[in-house]
Amino acid sequence: MSEQKTSQVTQAQVAADFDNVTGDYEQKINSALAFAGREHSFYIDIKREHILRLGREHFPDLTELDVLDLGCGLGAYHPGLEGKFHELHGIDVSAQSVELAAARHPFVRYSTFDGTRLPYRDGQFSIVFTVCVMHHVPPPEWAQFIAEMFRVTKPGGIVLVFEHNPYNPATQYIVKSCDIDKDAVLLRPGKLRRMFADAGFAEVETKTIISVPPAGPLLSRLDSFLGYLPFGAQYYLCGVKPSS
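Quick caveat, the model's predicted, so the values are computed rather than measured.

Caption draft 1: Spatial organisation of the packing of helix α5 (residues 142-152) against helix α7 (residues 189-198). Contact pair α5 / α7: the axes reach a minimum separation of 10 Å and the direction vectors enclose 55°. In terms of orientation, α5 and α7 fall into the oblique class. Like other packed secondary-structure pairs, α5 and α7 cross with a definite hand, here right-handed. Listed contacts from α7 to Trp 142, Ile 146 and Met 149 of α5 are Lys 191, Met 195 and Phe 196. Per-class residue counts for the contact of α5 with α7 are 5 nonpolar, no polar and 1 charged.

Pasting the structure below:
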């Protein structure tokens, strides 16, 4: 969907939309993914492993780090992250989602916010990750969203952004067929890189994932190799906040 068509969508509307789907969120996602033959949990596991891998590539000990899941929703990525970090925080504009997430994952520190300013101090987190969230943020607010990620990231820390690849036809089909994504605006990797570089992040790079279902070591290696091509169903951005 174009940026112009969704320019009137607000963070409050996004919050209300997600409050309304907390009860059947997974069902809606799995319905959209049905043609691909895999459930949502399969793709969650893939991206969770990328988060841990990229974190380990940048830091010697993840258990010393405070980490933020920005736009955490129901906390789908949090099972499997228990004990991996010093502190894991999750935040979302959907109060209903956060309430359910907190009941399910008591080891996570959850908060809500208005979509504008995060209730954290400057440089609080070594890793900030956001998974398939930015395409729900109204385009006029993208710059503020990225600026807040920059503010709460510790110097030398990293941000990880996972997004749908708009160049992948299967991804376009899934987004169009999923009611949850009715107002989604997909971001091109090049545009996302430029926005994060403009916000002050260094070493900004993107790589596609899920060019093939990475089930097992062989297909995982193949998917990693194909990540340099624009075919993957999704992609991630990694950026570093300069130390000085």
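Continuing now.
Caption draft 2: Molecular detail of a nonpolar patch on the surface. Together, Leu 219, Leu 222 and Phe 225 make up an exposed nonpolar region whose accessible area comes to about 280 Å². Locating Leu 219 in the fold gives a position in helix α8 (residues 217-226).

Caption draft 3: Region of interest: unusual backbone geometry. A positive phi angle, close to 50°, is found at Cys 132, a residue other than glycine. Of note, Cys 132 is situated in the loop between β4 (125-131) and α5. With a phi close to 50°, Glu 203 is a non-glycine residue in the positive phi region. Relative to the helices and strands, Glu 203 is located in strand β6 (residues 202-209).

Caption draft 4: Spotlight on the pairing of strand β5 (residues 153-164). Counting buried positions along β5 gives 10 out of 12 residues, so the element sits mostly inside the fold. In this sheet, strand β7 (residues 234-240) lies alongside β5 in antiparallel orientation, the contact comprising 7 bridges. Bridge assignment links His 164 to a residue of β7, and that residue is Gln 234.

Caption draft 5: How the structure looks around the sheet that holds strand β3 (residues 109-112). Pairing in this open sheet of 7 strands is mixed, and the strands run β3-β2-β1-β4-β5-β7-β6 from one edge to the other. Across the chains shown, the open sheet's two edge strands, defined by having one partner strand only, are β3 and β6. Ignoring which end each strand starts from, the neighbouring axes of this sheet average 15° apart. Relative to β3, strand β2 (residues 87-92) runs parallel, the two sharing 4 bridges. Bridging from a neighbouring strand, Ile 91 pairs with Ser 111 of β3. The strands touched by α5 are β1 (66-70), β4 and β5; relative to β5, the strand with the most contacts, the crossing angle is about 145°.

Caption draft 6: Quick peek at the packing of aromatic side chains. Taken as a whole, this structure holds 5 aromatic pairs when the rule is applied. Residues Phe 196 and Phe 201 carry aromatic rings whose centres are separated by 5.4 Å and whose planes lie at 40° to one another, so their mutual orientation is tilted. Judged by relative accessible area, which is 0%, Phe 196 ranks as buried. Using a relative accessible area of 5% as the deciding quantity, one classes Phe 201 as buried. Each residue in the set Phe 150, Phe 196 and Phe 201 is aromatic and connected to the rest through ring pairs, giving one cluster. If you follow Lys 241 out to its NZ or CZ, it ends over the ring of Phe 150, 4.6 Å from the centre.

Caption draft 7: A look at the nonpolar core. Counting residues in hydrophobic clusters, the biggest one holds 32 residues, and the most contacted among them are Ile 127, Phe 129 and Leu 160. At the level of elements, α3 (40-58), α4 (95-104), β4, β5 and β7 are the ones that each hand at least two residues to this core. Counting residues per element, this core draws most heavily on α3, at 7 residues. Look past the residues within four positions of Phe 129 in its chain and what remains in contact with it is Ile 51, Val 67, Leu 68, Asp 69, Leu 70, Leu 81, Leu 88 and Leu 160.

Caption draft 8: Geometry of the confidence of the model for the chain. Considering every residue of the chain, the mean pLDDT works out to 87; 85% of them sit at 70 or more. Predicted confidence is poor over residues 1-7, with pLDDT under 50, and the contacts of this stretch with residues over four places away or in other chains come to 14 contacts.

Caption draft 9: Seen up close, the side chain of Ser 97. Tracing the backbone through its elements, the reader meets Ser 97 in helix α4. Of the polar contacts made by the side chain of Ser 97, one reaches the side chain of Ser 94; its length is 2.8 Å.

Caption draft 10: Looking closely at the pattern of salt bridges. Tallying each qualifying case throughout the model produces 6 salt bridges. Across the salt bridge formed by Glu 148 and Arg 117, the nearest N and O atoms sit 3.8 Å from each other. Taken as a pair, Glu 148 in helix α5 and Arg 117 in the loop between β3 and β4 lie far apart in primary sequence, 31 residues in all. According to the relative accessible area criterion, Glu 148 is buried, its value standing at 6%. According to the relative accessible area criterion, Arg 117 is exposed, its value standing at 51%. Salt bridges linked by common partners bring Arg 117, Asp 122, Glu 148 and Arg 151 together as one network.

Conventions used here
- What you see as residue numbers is a count from 1 along each chain, following the sequence as written.
- Whole-chain, interface and lining totals are the exception, using all residues; otherwise, since this is a predicted model, local features are given only for residues with pLDDT of at least 70 and side-chain atom pairs are given and counted only at 80 or more.
- To obtain the side-chain values, all non-hydrogen atoms of the structure were included, while hydrogens and water were left out.
- Axis angles are defined between N-to-C directions and span 0 to 180 degrees, where every axis is a line fitted to C-alpha atoms and, for a helix, only to the segment in contact.
- Strands are runs of DSSP state E lasting at least 2 residues, helices are runs of H or I lasting at least 4, and numbering of each runs from the N terminus.
- We call two directions roughly parallel when the angle between them is under 35 degrees, roughly antiparallel when it is over 145, roughly perpendicular when it lies between 65 and 115, and oblique otherwise.
- Handedness of a crossing follows from how the near helix is turned relative to the far one, being left-handed for an anticlockwise turn of less than a right angle and right-handed for a clockwise one.
- Throughout, a contact is declared for two residues whenever any of their heavy atoms are within 4.5 Å.
- Each residue receives one of three labels: charged for Asp, Glu, Lys and Arg, nonpolar for Ala, Val, Leu, Ile, Met, Phe, Trp, Tyr, Cys and Pro, and polar for the others, Gly being one of them.
- The patch calculation keeps residues exceeding 30% relative accessible area without a salt bridge and links them within 9 Å when they carry like charges or within 5 Å when they are nonpolar (Val, Leu, Ile, Met, Phe, Trp, Tyr).
- The Shrake-Rupley method, run with a 1.4 Å probe, gives the accessible areas here. Residue values count only the displayed protein chains as cover.
- Each salt bridge in this description consists of a side-chain nitrogen of Lys or Arg and a carboxyl oxygen of Asp or Glu lying within 4 Å of one another.
- Classification of residues uses two cut-offs on accessible area relative to the type maximum, computed with a 1.4 Å probe and protein chains only: under 20% is buried, over 50% is exposed, and between them is partly exposed.
- At least two bridges found by DSSP between two strands are what make those strands a pair.
- Centres within 6.5 Å are what make two rings of Phe, Tyr or Trp a pair, Trp counting through its six-membered ring; a difference in plane orientation under 30 degrees is then read as stacked, over 60 as edge-to-face, and the rest as tilted.
- Charges are assigned to positions over rings by a cutoff of 6 Å between ring centre and Lys NZ or Arg CZ, combined with an angular limit of 35 degrees from the ring normal.
- For our purposes a nonpolar core is just a set of buried Ala, Val, Leu, Ile, Met, Phe, Trp, Tyr and Cys residues, chained together by side-chain atoms within 4.5 Å.
- Confidence scores per residue from the predictor, reported as pLDDT, run from 0 to 100.
- Any pair of nitrogen or oxygen atoms within 3.5 Å is treated as a polar contact; in protein, a donor-acceptor pairing is required on top of that, and neighbouring residues in sequence qualify only through side-chain atoms on both sides.

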